[in-house]
Amino acid sequence: MVEKESSVKGLGPGFWPFTGLLTLLAIANIYFWAVTPLSRWMPTAVTVATQIDELFRVFLAVGIALFIYILGYAIFFSIVFRARKDDPPDALGVQIHDNHKLELWWTVLPTIAVILISWASVRVWFPIQIASASTPAGLVVESIGHQWFYTFRYPGINGEVTGNMHLPVGEPVTLNVSSEDVIHSFWVPAMRLKQDMVPGLINVMRFTTDRVGRYRIICTEFCGVEHGVMNKQYLVIEPKAQFDAWYHGWQVKNATASNALPQISSAPIDLSDGSAAAGQVLFSQKCSACHAIAPFSKRIVGPGLKGVLHDPAHPNLLSGKPATPANVAEILQHGLQGSYGQMPTQVQNALTDKDIANLVAYLNTLK
Amino acid sequence: MAVAATHVGGGIADHVHPEPQGFIRRYVFSIDHKIIGIQYLITGFIFLVLAGLLAEVIRTQLMNANGGFVSNNTYNEVYSVHGSAMVWLVVIPLMTGAFGNFVMPLQLGARDVAFPWLNMISFWMFPVAGLMLFSSFLMGAPVAGWTEYPPMSLQGEAGTSMWCAAIFLVGISSTLTGMNFMVTILKMRAPGMTLTRMPLFVWAQLATAPLSMVATTALAGALAALFMERQFGVPFFDPTKGGSPLLWQHMFWFYSHPAVYIMILPAFGMISEILPTFARKPIFGYKMIAFSSVTIALAGFMVWAHHMFTSGLAPFMQLPFMLLTFVIAVPTGVKIFSWITTLWGGKIHFTSAMLFAIGFVVLFALGGITGIFLASVPTDLHLHGTYFVVAHFHYVLVGGSLMGIFAGFYYWFPKMSGRMMNETLGKWHFWLFVAGFNGTFLPMHWLGFEGMPRRVAVYDPQFQFWNRVESVSSYVMTFAILLFFVNILVSLRRGKKAGPNPWKARTLEWQIPSPPHYYNFKHVPTVYGLPYDFSEPLPYRGLEDELTDAPAPVPAGAH
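What counts and what doesn't
- Residues numbered from 1 in each chain as written.
- Chains lettered and ligands numbered in written order.
- Predicted model: local features only at pLDDT ≥ 70, side-chain atom pairs only at ≥ 80, totals over all residues.
- Helix = DSSP H or I, 4+ residues; strand = E, 2+ residues; numbered from the N terminus.
- Rg over C-alpha atoms; globule rule 2.2 N^0.38 Å.
- Buried ≥ 20, exposed ≤ 12 C-beta atoms within 10 Å, placed from the backbone.
- Pairing = 2+ DSSP bridges.
- Contact = placed C-beta atoms within 7 Å.
- Nonpolar A, V, L, I, M, F, W, Y, C, P; charged D, E, K, R; others polar.
- Expected span 1.5 Å × (residues − 1).
- Axes fitted to C-alpha atoms, helices over the stretch in contact; angles between N-to-C directions.
- Core = buried A, V, L, I, M, F, W, Y, C linked by C-beta atoms within 7 Å.
- Domains from an automatic or database assignment.

Here we come to the overall build of chain B. Summing up its helical and strand segments, chain B has 16 helices and 4 strands in all. Taken over the C-alpha trace, chain B has a radius of gyration of 23 Å; the compact-globule value for 559 residues is 24 Å, and the two agree within 12%. Counting only C-alpha atoms and orienting by the principal axes, one finds that chain B spans roughly 70 × 50 × 45 Å. Looking at chain B as a whole, 64% of its 559 residues qualify as buried.

What follows deals with the pairing of strand β1 (residues 139–146) of chain A. Residues and elements named next belong to chain A. The sheet contact formed by β1 and strand β4 (residues 172–179) spans 7 bridges and is parallel. Bridge pairing in β4 links L139 to V173. Pairing of β1 with strand β2 (residues 149–153) involves 5 bridges; the strand directions are antiparallel. When the bridges of β2 are listed, I144 appears paired with T151. Once β1 ends, the chain turns through 2 residues before running back antiparallel as β2.

Buried accessible area, meaning the area lost when the parts come together, often serves as the stated size of an interface. Facing 77 residues of chain B, the contacting portion of chain A comprises 78 residues. Classifying every residue of the side of chain B that touches chain A by side-chain character gives 46 nonpolar, 24 polar and 7 charged.

All names here are of chain A. Given a rise of 1.5 Å per residue, 13 residues ought to cover 18 Å, and the 19 Å separating the end C-alpha atoms of helix α7 (residues 353–365) matches this to within 8%. Among the residues of α7, D355, I356, A357, N358, L359, V360, A361, Y362 and L363 are the ones counted as buried. Along its buried surface, α7 packs onto α5 (276–287) and α6 (325–334).

We now examine the sheet that holds β2 of chain A. Residues and elements named next belong to chain A. Strand order across the open sheet formed by 4 strands is β2-β1-β4-β7, with mixed pairing between neighbours. What marks the edges here is a single partner per strand, and that holds for β2 and β7 (203–208). Here the average twist between neighbouring strands, direction ignored, is 25°. Here 6 bridges tie β4 to β7, and the two strands are oriented antiparallel to one another. Considered in β7, the bridge of N176 is made with V204.

Attention now goes to the nonpolar core. Most often, soluble globular proteins keep nonpolar side chains buried together rather than apart. Ranked by size, the top nonpolar core spans 252 residues in total, and within it I271, I274, F356, A357, F360, V361 and A407 of chain B carry the most contacts. Among the elements that line this core, the one with the most residues is helix α8 (residues 245–279) of chain B, at 22 residues. When residues of this core are assigned to domains, at least three map to each of domain 1 (2–96) and domain 2 (135–255) of chain A. In this structure V361 of chain B touches A74 of chain A together with I271, I336, W339 and I340 of chain B, once residues within four positions along its chain are discounted. The next biggest cluster of nonpolar side chains, apart from the first, holds 14 residues, and it includes L305, V328, I356 and A361 of chain A.

Quick look at the sheet that holds strand β9 (residues 233–238) of chain A now. Residue and element names in this part refer to chain A. Read from one edge to the other, the open sheet built from 3 strands follows the order β3-β9-β8, with strand pairing classed as mixed. Every interior strand has two partners, whereas the edge strands, β3 (165–168) and β8 (213–217), have only one. Ignoring which end each strand starts from, the neighbouring axes of this sheet average 25° apart. Strands in contact with helix α4 (residues 240–255) are β3 and β9; relative to β3, the strand with the most contacts, it is inclined by about 140°.

Structure, rendered in structure tokens:
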């Protein structure tokens, strides 16, 4: 049977010229993505969008080049090595099983490629998701998802802002997103950023506005029958003067609005008659998703709270103040943007002053 | 125990049971892995037609930017049931239940799977679960997609609870099948068939089985919790009562990412059988392909949270999931390069099975490449929840899994039925399908990038042109599948007799008559090597009587 096996000279007819052709196509593709910004199809509204676009272009250049080779060789080998009419009916292909050198190459090269794309990704990921948390928060805005619209909260504006979301150009922004019903998503394609709005959870987006314009805000998590039209509101990035005028307009409008949200009073809470038993129940409902009754280092989201008021190793709270009942109450009242994440405020957590007194009493019993 | 093959002194006793005679025992409540495989195949194809029709409702709705073909709510029900049915009632049962059941024991030289009764029970859960899922339309079908994220799924009508029960049931079926296959492959190989002599399709099933066994239990837990919350108000997921919506996402994706590999690994195995057979040369890099299947299966357990980059994971948690996901590119790349090199130097016969296999390699590769965009956190922040994701997983699940199912069907149909498929219709099927498929799903990549979110019944008019291209292409794809079913029906009646080995293939199932006897092998063969050395004599002994009039093995006494 051996004589019916094919034998192939070198790598087969036309292999190198065809490889040359594929390489030219691959290089042309890489060149195209090297010189073509994606803002040609989609504007960039914030500074990180440009960095994310660069990563997109790396993936497009490498991915399409790889696909050119895969498609090219699949078609080329299919044509060159097709069975022909004048072949004996039991003709065989070349009987090779493997080639350790080749297999080593195509394990090592993709591994190197994976290391490179990992590096390229981490380089963009780190500033957006990690380093930005320790830069100044800038303008802190909240957006709440509803079925099927967004509302916004600005510092200094009473209650909620409806309609479009306005931001001044050239400023760092911290956008806290959450939801009051089901999961929504806050996506501005021109920002290349998106966070899900999860009820009971505050997700943070940080960016610096970069370009004046009106950009659509789109929901990408299915949220009910009108999900498809939850794209009618805009992010308006405008010069500071225009933003200030808009901001002032809402301040005036909401000052008299009857539907304004309850405001957190700045007065300290009376902690004198807190009930530890009631606090324990509350803790399991409101706190235990993020805090364990365990030593400080046992984090869920926030630190473990066992002995929070009696731990000599941690005399200070994450707010930097000494661990006293009054300072714990302050965090419960006003929330905290700590390095571990966002501690919600009294209003977000729906805690009454009495609830806070009870919680502090309970925490004080943990030793 | 029905058809037990027990190891006796290094060999396997020629121990068989009498063939059941009544129609019910033979074809309905059968315990024969070949009949069960075909039952899975037929049931799976029926659900493919139903879920495919739902897909056409989706595409017809999206012909116009403002919809109008069905109501928004109906549209949401339709795509939710479409996705659920395609995953749990079509691809998973066809990959494991149908092809795994029919082919794997034959390739092992076994007389049946390890637990034939369990196999029958697994099968019968599947059509019942399918009927339950489709019956949810009568009571308000689920609307929150196949992922059913709470709290949205807590608002769904009664059909959502039915969905939980249906998927729970089909999940149990899948878990039991995984267990059954695992034991079969580890304990019932013919003498001489060491692990490294197993055909690659068996390797693929061996890598899939633990995924079905372990991951599906996490899904079962999630479904039970969702059901209890919906029916009895036990607050697992509702944040207003102290539940966590993200808990569901973790449990769901802890299953559903491995499930992606349950849906694709068996196709890898099929392709690894079909390419060498029609290129008339050994598979290139047998050990690398086998090993990479196992690597992918293991790594598949450690990447689930890459579906949750925008959900509100702690940011530092994104890093390991991103990097581990990238790592999967290496074994996947090894497979694709090995398959393409298998074509090199071959004598390639372009049967329909081979066309689908080559098409699989190319389209799956594209689905893999777009996976990189979604695995990287910064680009996923833009692409998550858009049509880019829809494009990506349809390239993997249709360009990959479904093309694999077609390839495997054209390849093994002669063994199942004893007749050949019509090759002309098969080639029309292939080319129309590939054209329609790419027309439907390729534009979704840029639609997603430019701002079209998924799961919308209406959309921005700027996207209407490409959506119309997609809808028209999807009709072409559906027509191609219609040709496929016509081909099956015609070939079953009028197809040329196949004979035992029409493709001159070398795995064990092709060395016995088509369709095989009830007992599979007259004598259990002994295996001396890999099945891919086309220039060598077959590496089996003990098959001399298979194609002769030698008497069938005598059934042992009833147990």
